[in-house]
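Examining the three-dimensional arrangement
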Amino acid sequence: MKVTLLGTATLGRAQLAAVVKDLGRDDLELTLVSWSAPLDPVDDLVPQVVVLNGRAATAAAAVPPAAVPPAAAPSAVPDASPNPVAAPATARRPVSRLRKLVRQVKAARLAAQYWSRLRSHPEALAAATGADLVVVLDSRAVRAGWQLARRPSAPRVLNGAAAAGRELTAR
Amino acid sequence: MMTHASRGRAATPPDHRPHLLYVAWGFPPCRGGGVYRVLATANRFARLGWRVTVLTVERDTFVRFTGTDPTLEERIDPAVEVVRVPFAWPIHEPDLRQWSRFRARFPRLWAKLRARRDAVPFPEVGYGPWRPVIEAAAERIHAADPVDLVLATANPHVAFTAAWRLHQKHGVPYVMDYRDAWLLDVFSGERLHSERSRAARWERRLVAGAREVWFVNDPIRDWHRRLYPAHAAKMHTVANGFDPELAPAPTGERAPLGEGPVVFGYVGTVTPRVPLAEFVRGWQHGRATEAALAGAEARIHGYLGFYGQPRPDLLATIEAAAADGVSYRGPVGKADIAATYAQFDVLLLILGAGRYVTSGKVFEYLATGLPVVSVHEPGNAATEVLRGHPLWFPVADLEPGTVAAALAAAADAARSATPEQHAQARAFGAGYRRDLQLDPRIEALRGAPVTVKAAP
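As the structure is a computational prediction, the values presented were derived from the model and not from experiment.

1. Some details on a nonpolar patch on the surface
Residue and element names in this part refer to chain A.
- Side chains of Leu98, Leu101, Val102 and Val105 sit close together on the surface and give an oily, nonpolar patch of about 370 Å² of accessible area.
- Mapped onto the elements of the fold, Leu101 is located in helix H3 (residues 97–120).
- The partly exposed category is assigned to Leu101, whose relative accessible area is 49%.

Shown next, in the form of structure tokens:
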């Protein structure tokens, strides 16, 4: 079964491993359509990676692996956050309203850019439309996922690897 | 639409057993900690001669959102009738085809607005809209087969509204069962909602009208008794206990340990609240100073943090003490629980501070009859559960010397405890079987006069 993952975050190996674990099946043909290249080699986890932002792809290899929070929560009730790969809450400084607004604007811009690049990138678009299931990995990729889901011949598009795992288990 | 999953009640003639309507959002096949209490409660009422109707959500909710454990569904007593009603949970809707354009463009803003809308029918985000659904379902159930008692379990607290509805309209008595607390943050001890909040006003009304209010431990019950002194007498502790069919088997008689190294074990989730670092410091101090701990091992089983991948900081804490015999063994599947406990000589109860929190692990530990070392603040609610255990080794504080002394004493006990002490420990643990916690309250409710108006 072909499963395409949509993500805008720069994912590390641990994050992708958690996503694959959440999907829960080892017979999946996985493709990642990412804004930037993964931090680590992930060929064994996701054989095909399509990078939409060329600049990041060339620079990414030099970045050392980060200690990143995984996505798979054993909690019975899923997180209400629309971002399924969000990091667990940690003590942080209060964020000002202006800073929040700036973040939101940047996120919206990236969401729009991601969708724009995806639909004009033949390989990425083929991977997304030709999959049996598309999984959105973060909130900035939701817009692209939603646009894909509106197409008449679109595959099922789900938000979050945990939800996709439950769907795949039920199939 | 209301669906019935009766196991044969429809064909049986009417009888005079009291009819319990049990309102519980998280019912099997829901997978989650609270579901064990819910399942055990429904089954126990049925076994003690009640006709039980469970009002819960459709199976699909659990299949799509929470994950399921089908083995729990198999444990529902065949006499229990399960009525499933729809539950919309749009915040967790993963299918993007179901999302509006506005939600897709502004997911966070949509979530904020949705949360406000959810709280209109009832002040509980995500669950408020369930209120009219269960109120109508409760009315239908009562009209078809008059209900003698409603037991509603929270959270979600919206479950109480079905009980409130039947009480207001038909005088049906009801019991509130808190698996947690509504106004109290059980971790911090702080109040969560102000006195004038809608949640507080709802709780005041509900407590005033309830026949009984159940809590999982004495500290939470006492907090509520202080909050509602006029209703203190109706508040009871119904502790969680362990389910004999799910808990690890009692270890039984074991061959003497002799002078061999002692294996300490921990099974459960290690969260950042757990004093893991304090335990490790105490362990290393003990290994260096206590002869009883020579060659001893500490095996940590379960999740490190809330996620599938171990938290790097917690894992590093364990690995730093690898040379002293501390190791992380990963999560334990249900099928391996018994085999895992069988490897241990002493159990480690490492808990975060929390006067109001009783970990379910305590009861699982008690089921084994093994010596238990408490590595937690004495004020933790688990202390009251363990008080009187013949092989319990608590600490007065989390200083390395104190922890090391408790570990050494437990190691000595593992070597030298008499068969009588082991038998006493098993007997002590057996007292925390879940059914034994429920029985006194169920019997009291059965004996209480029930005043029910005729259903229209």
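Next, the rest of the story.
2. Digging into the side chain of B:Thr153
- Structurally, B:Thr153 can be placed in strand S5 (residues 149–154).
- Only 2.9 Å separates the side chain of B:Thr153 from the side chain of B:Arg179, close enough to count as a polar contact.

3. Some points on the sheet that holds strand S13 (residues 372–375) of chain B
Residue and element names in this part refer to chain B.
- Ordered by their spatial adjacency, six strands build an open sheet running S11-S10-S9-S12-S13-S14, and the pairing between neighbours is parallel. Unpaired on one side and paired on the other, strand S11 (326–330) and strand S14 (392–393) mark the two borders of the sheet.
- Note: strand S10 (residues 297–301) against S11, four bridges, orientation parallel. If you follow Arg299 over to S11, its bridge partner there is Ser327.

4. A word on the pattern of salt bridges
Residue and element names in this part refer to chain B.
- Throughout the structure, instances matching the rule amount to 25 salt bridges over all chains.
- With a closest N to O distance of 2.8 Å, Asp118 and Arg114 form a salt bridge. Here the residue Asp118 and the residue Arg114 both occupy positions in helix H5 (residues 107–118), the gap between them amounting to four residues, near one helical turn. In this structure, Asp118 and Arg114 share a single accessibility class: buried.

5. Considering the pairing of S13(B)
All names here are of chain B.
- Neither face of S13 is exposed, since Val372 and Ser374 on one face and Val373 and Val375 on the opposite face are all buried.
- The pairing of strand S12 (residues 346–350) with S13 spans four bridges and is classified as parallel. Within S13, the residue paired with Leu347 across the bridge is Val372.
- Crossover handedness for the path S12 to helix H13 (residues 360–368) to S13: right-handed.
- Where S13 and S14 come together, two bridges link them in parallel fashion. Looking at the pairing, Val373 lines up with Phe393 of S14.

What counts and what doesn't
Residues numbered from 1 in each chain as written. Chains lettered and ligands numbered in written order. Predicted model: local features only at pLDDT ≥ 70, side-chain atom pairs only at ≥ 80, totals over all residues. Heavy atoms only, no water. Patch = residues over 30% accessible without salt bridge, like charges linked within 9 Å, V, L, I, M, F, W, Y side chains within 5 Å. Areas by Shrake-Rupley, 256 points an atom, 1.4 Å probe, with all protein chains shown as cover. Salt bridge = Lys/Arg side-chain N within 4 Å of Asp/Glu carboxyl O. Helix = DSSP H or I, 4+ residues; strand = E, 2+ residues; numbered from the N terminus. Buried < 20%, exposed > 50% of the residue type's maximum accessible area, 1.4 Å probe, protein only. Polar contact = N/O pair within 3.5 Å; in protein donor to acceptor, adjacent residues only side chain to side chain. Pairing = 2+ DSSP bridges. Right-handed = clockwise from strand over helix to strand, strands pointing away.

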